[in-house]
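Residue-level structure breakdown
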Amino acid sequence: MAFITDKQELKPGLIIFRRADVDHRNYYCRIKLPKADRYKTYSLKTSDTHAARERAFDHDADVRFRLKHDVPVFNRPFRDVAKEYLASQEARAKRGEISAARPKKLKAVIESALEAYVGSTQVHLIGDELWGGYPAWRRENGAGRNKRNGVREVTAAVAEQLAARNAAAQTKALHSRGIYRGKLLESKSSAVLESRTVAFISDATIRFEMSIFAAVMNFAIKKRYVPASQRFEERPKLKTMRRDEFTLEEYRKLHVVGRAWVKASSKPSSLWYRTVAYNMILIACNTGMRPSELKNLRWRDIMPAKDREGREIVVLFVQGKGKSRKLVAPKSVGEFLDRIRAISRATAPDDRVFTTTTGEPAKSLYKRLIEDVLTEAALREGAHGVPRSTYCFRHTYATFRLQEGVDVYFLAEQMGTSVKMIEDHYGHVNTIKHADRVLQGMAGWDPAAGSDEVDAKASKAAATRDKAPRSKGSKPKGQRNKPR
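Residues numbered from 1 in each chain as written. Predicted model: local features only at pLDDT ≥ 70, side-chain atom pairs only at ≥ 80, totals over all residues. Heavy atoms only, no water.

1. A few points about the packing of aromatic side chains
Counted only if it meets this: Two aromatic rings, drawn from Phe, Tyr or Trp (for Trp, its six-membered ring), form a pair once their centres lie within 6.5 Å of each other, and the interplanar angle then sorts them: stacked below 30 degrees, edge-to-face above 60, tilted otherwise. Each helix corresponds to a stretch of at least 4 residues labelled H or I by DSSP, and each strand to a stretch of at least 2 residues labelled E; elements are numbered beginning at the N terminus. Classification of residues uses two cut-offs on accessible area relative to the type maximum, computed with a 1.4 Å probe and protein chains only: under 20% is buried, over 50% is exposed, and between them is partly exposed. Remark: a charge is flagged as sitting over a ring if the NZ atom of Lys or the CZ atom of Arg is within 6 Å of the ring centre and within 35 degrees of the ring normal.
Taken as a whole, this structure holds 15 aromatic pairs when the rule is applied. Ring geometry for F246 and F393: centres 5.8 Å apart, planes at 15 degrees, overall stacked. In this pair, F246 is assigned in the loop between α8 (203-222) and α9 (248-263) and F393 in helix α14 (residues 391-403), connecting sequence segments 147 residues apart. By the burial criterion, F246 is buried, and F393 matches it. Where Y409 meets F410, the ring centres are 5.8 Å apart and the plane angle is 65 degrees; that geometry is what we call edge-to-face. Members of the aromatic cluster, joined through ring pairs, are F78, Y117, W131, Y134, W137, F213 and F232. Taking NZ or CZ as reference, R76 lies 4.0 Å from the ring centre of Y225, over its face.

2. Brief notes about the pairing of strand β3 (residues 28-32)
Note the threshold: Only strands that DSSP links by at least two bridges are regarded as paired with each other.
Bridge count between strand β2 (residues 14-19) and β3: 4 bridges; the pairing is antiparallel. Opposite I16, over in β3, you have C29 as the bridge partner. For β3 and strand β4 (residues 39-43), the ladder comprises 5 bridges, and the chain directions are antiparallel. Pairing of R30 across the sheet is with T41, part of β4.

3. Brief notes about the sheet that holds β4
Note the threshold: In this analysis an axis means a line fitted to C-alpha atoms, helices contributing only their contacting stretch, and an angle means the value between N-to-C directions, from 0 to 180 degrees.
The sheet built from 4 strands is open, its strands ordered β1-β2-β3-β4 with antiparallel pairing. The outermost strands of the open sheet, each flanked by one partner alone, are β1 (4-11) and β4. With strand direction ignored, the average angle separating the axes of adjacent strands in the sheet is 25 degrees. Inspection of the sheet shows β1 paired to β2 by 5 bridges, in the antiparallel sense.

4. Some words on the pairing of β2
The element β2 is extensively covered by neighbouring structure, given that 5 of its 6 residues are classed as buried. Counting the residues that bridge the hairpin from β1 to β2 gives 2 residues, and of these G13 lies at a positive phi of roughly 90 degrees.

5. Some points on the side chain of E209
Filter applied, for reference: Within 3.5 Å is the distance limit for a polar contact, defined as a pair of N or O atoms, with the added protein rule that one can donate a hydrogen and the other accept it, and that residues adjacent in sequence qualify only through two side-chain atoms.
Within the secondary structure, E209 is located in helix α8. At 2.6 Å, the side chain of E209 forms a polar contact with the side chain of Y134.

6. Let's talk about a positive patch on the surface
Test applied: Here a patch means residues that are over 30% exposed by relative accessible area and free of salt bridges, tied together within 9 Å if like-charged and within 5 Å if nonpolar (Val, Leu, Ile, Met, Phe, Trp, Tyr). The Shrake-Rupley method, run with a 1.4 Å probe sphere, supplies the accessible areas, and residue values consider only the shown protein chains as cover. Every case where a carboxyl oxygen of Asp or Glu lies within 4 Å of a side-chain nitrogen of Lys or Arg is listed as a salt bridge. Charge counting follows a simple rule: Lys and Arg are positive, Asp and Glu are negative, and His as well as the terminal groups are ignored. Lysine's charge is taken at NZ, arginine's at CZ, aspartate's at CG and glutamate's at CD.
Taken together, the side chains of R102, K105, K295, K321 and K323 present a region of like positive charge at the surface. Of note, K295 is situated in helix α11 (residues 291-296).

7. Quick notes on the pattern of salt bridges
Taken as a whole and assessed by the stated rule, the structure comprises 22 salt bridges. Close ionic contact of R18 with D6 constitutes a salt bridge, the shortest N to O distance being 2.8 Å. Here R18 is found in strand β2, whereas its partner D6 is found in strand β1, with 12 residues between them in sequence. Looking at R18, the relative accessible area reads 11%, which means it is buried.

8. Topic: the sheet that holds strand β8 (residues 312-320)
Pairing within the open sheet is antiparallel, and its 3 strands lie in the order β7-β8-β9. Across the chains shown, the open sheet's two edge strands, defined by having one partner strand only, are β7 (302-306) and β9 (323-330). On average, adjacent strands in this sheet sit at an angle of 30 degrees to one another, irrespective of strand direction.

9. A word on the packing of helix α3 (residues 102-118) against α8
Two numbers describe a pair of packed helices, the interaxial angle and the distance between the axes. For clarity, the threshold we go by: Angles below 35 degrees are treated as roughly parallel, those above 145 as roughly antiparallel, those between 65 and 115 as roughly perpendicular, and all remaining angles as oblique. We call two residues contacting when some pair of their heavy atoms lies within 4.5 Å. Amino acids outside the nonpolar list (Ala, Val, Leu, Ile, Met, Phe, Trp, Tyr, Cys, Pro) and the charged list (Asp, Glu, Lys, Arg) are all regarded as polar, and Gly is one of them.
Interhelical geometry of α3 versus α8 gives an angle of 85 degrees and a closest axis separation of 10 Å. If you check the angle between α3 and α8, you find them roughly perpendicular. In this structure, α3 contributes R102, K105, L106, V109, I110, A113, L114, Y117 and V118 to the contact, and α8 contributes F208, E209, I212, F213 and V216. Its residues placed into classes, the contact of α3 with α8 shows 11 nonpolar, no polar and 3 charged.

10. Thoughts on the packing of α14 against helix α15 (residues 408-415)
What counts here: Each crossing is labelled by how the near helix is turned from the far one, with a counterclockwise turn of less than a right angle marking it left-handed and a clockwise turn marking it right-handed.
Axis separation between α14 and α15 bottoms out at 11 Å; the angle between their running directions is 155 degrees. In terms of orientation, α14 lies roughly antiparallel with respect to α15. Remark: the crossing between α14 and α15 carries right-handed chirality. Residues R394, Y397, A398, R401 and L402 of α14 touch α15, and the partners they reach there are L411, Q414 and M415. When the residues that make up the contact of α14 with α15 are grouped by side-chain class, the tally is 5 nonpolar, 1 polar and 2 charged.

11. Digging into the nonpolar core
The cut-off we apply is this: Remark: nonpolar core denotes a set of buried residues (Ala, Val, Leu, Ile, Met, Phe, Trp, Tyr, Cys) joined through side-chain atoms within 4.5 Å.
Residues L254, I283, L337 and F354 are the most contacted members of the largest nonpolar core, which totals 44 residues. For this core, the elements supplying multiple residues, two or more each, are α9, α10 (268-287), β8, β9, α12 (331-343), α13 (367-376) and α14. No other element matches α10, which puts 10 residues into this core. Residues contacting L254, with those up to four places away along its chain left out, are F246, I281, V373, L374, A377, L379 and F393.

Below you can see the structure in the form of structure tokens.
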């Protein structure tokens, strides 16, 4: 290299030199990594030859120690590691291992919040302090969409910055759909500036972003950029927002308002979309399908069947979140699907169930229409002030099934999730369902008539099971599979 001067080889793979392209006369050293065509260069910060040689040998020993103990030799900023991680996830999406939308969500978080927080930080320097400090930093430097978490005042400069960022994001979203409304964007920005208050970032958002933060660090460990000690599994305590479902009264109201909403359509295209969206709500509330599973549903995935009693049911093969399963639904779901089939232009076996008027797959699952009918029914926000979405229909299904006494194991299988998830997010249902037992003995609370008989029958049934003859070699339930 032309800029290298005063080069000295201390041993094979280790040299010291000065640079002709800098003003100072300090030495540098370059170390060749064994069994690799890579070099590590250090500034020795001295112009004395003897001192430079000693420091070069020290760096050489340090590199060899790192290689021996599997410690990263090269430093990498978080943004570079995050780009590698994102590329790996995009490759997984192309192979069908994860949804195509997943990398887009990852990219949005990585290139905004995480880039601003630790983008330029060397990944090996990210420790517990930076990890644990993310929630506080995010709340102070971000603006949420909903005011359920409270608001904070900001300076005029920060308000202007947030308004500009919000306007740019909205402009990009509108332009992607071919919509140009500059005045609307300006009015929203000025509103933020006038109030100079912004909503706090929700804990749910922070939890999601930290999951991506942790995933990037785990990727760095896998690539041996950092040691395993930098795996962050414990997250700071964050509030868990309970998932909003519809109560039985709200569901009935949505049912009534939804039918009137469909009939109030002013144009044929509006009538078509409202009919499909309304029936999709009924299907979602009676199957518990995820939005992604609704979006992927095809006509070939729908099969009529009968249960053990000979009653008609519908079996659906659903796919979403990289998984697939079969679920069962009542006959009424088949009737809702027939209503859609009757007006759809895409009814071939491979066609999607939920489409546009032209037969193209619906990308947003009628998001605006869902918001419209929920607003019409005054059900847009739940009890926690959280705007409801299509996902709330799944939560409604889970809540209704648990209230009817469906076993949590069967429900988890039906919904394609874990028993733990059901218990974590819907544990409140059991408390309400068994209120008679929870309130038993409290002043002013009378036990339900016949409860003593129910308890007596349960005790008798348990005693009968205990006395029932068992096959040879069998053991009582409590003694089975005990370690010997």
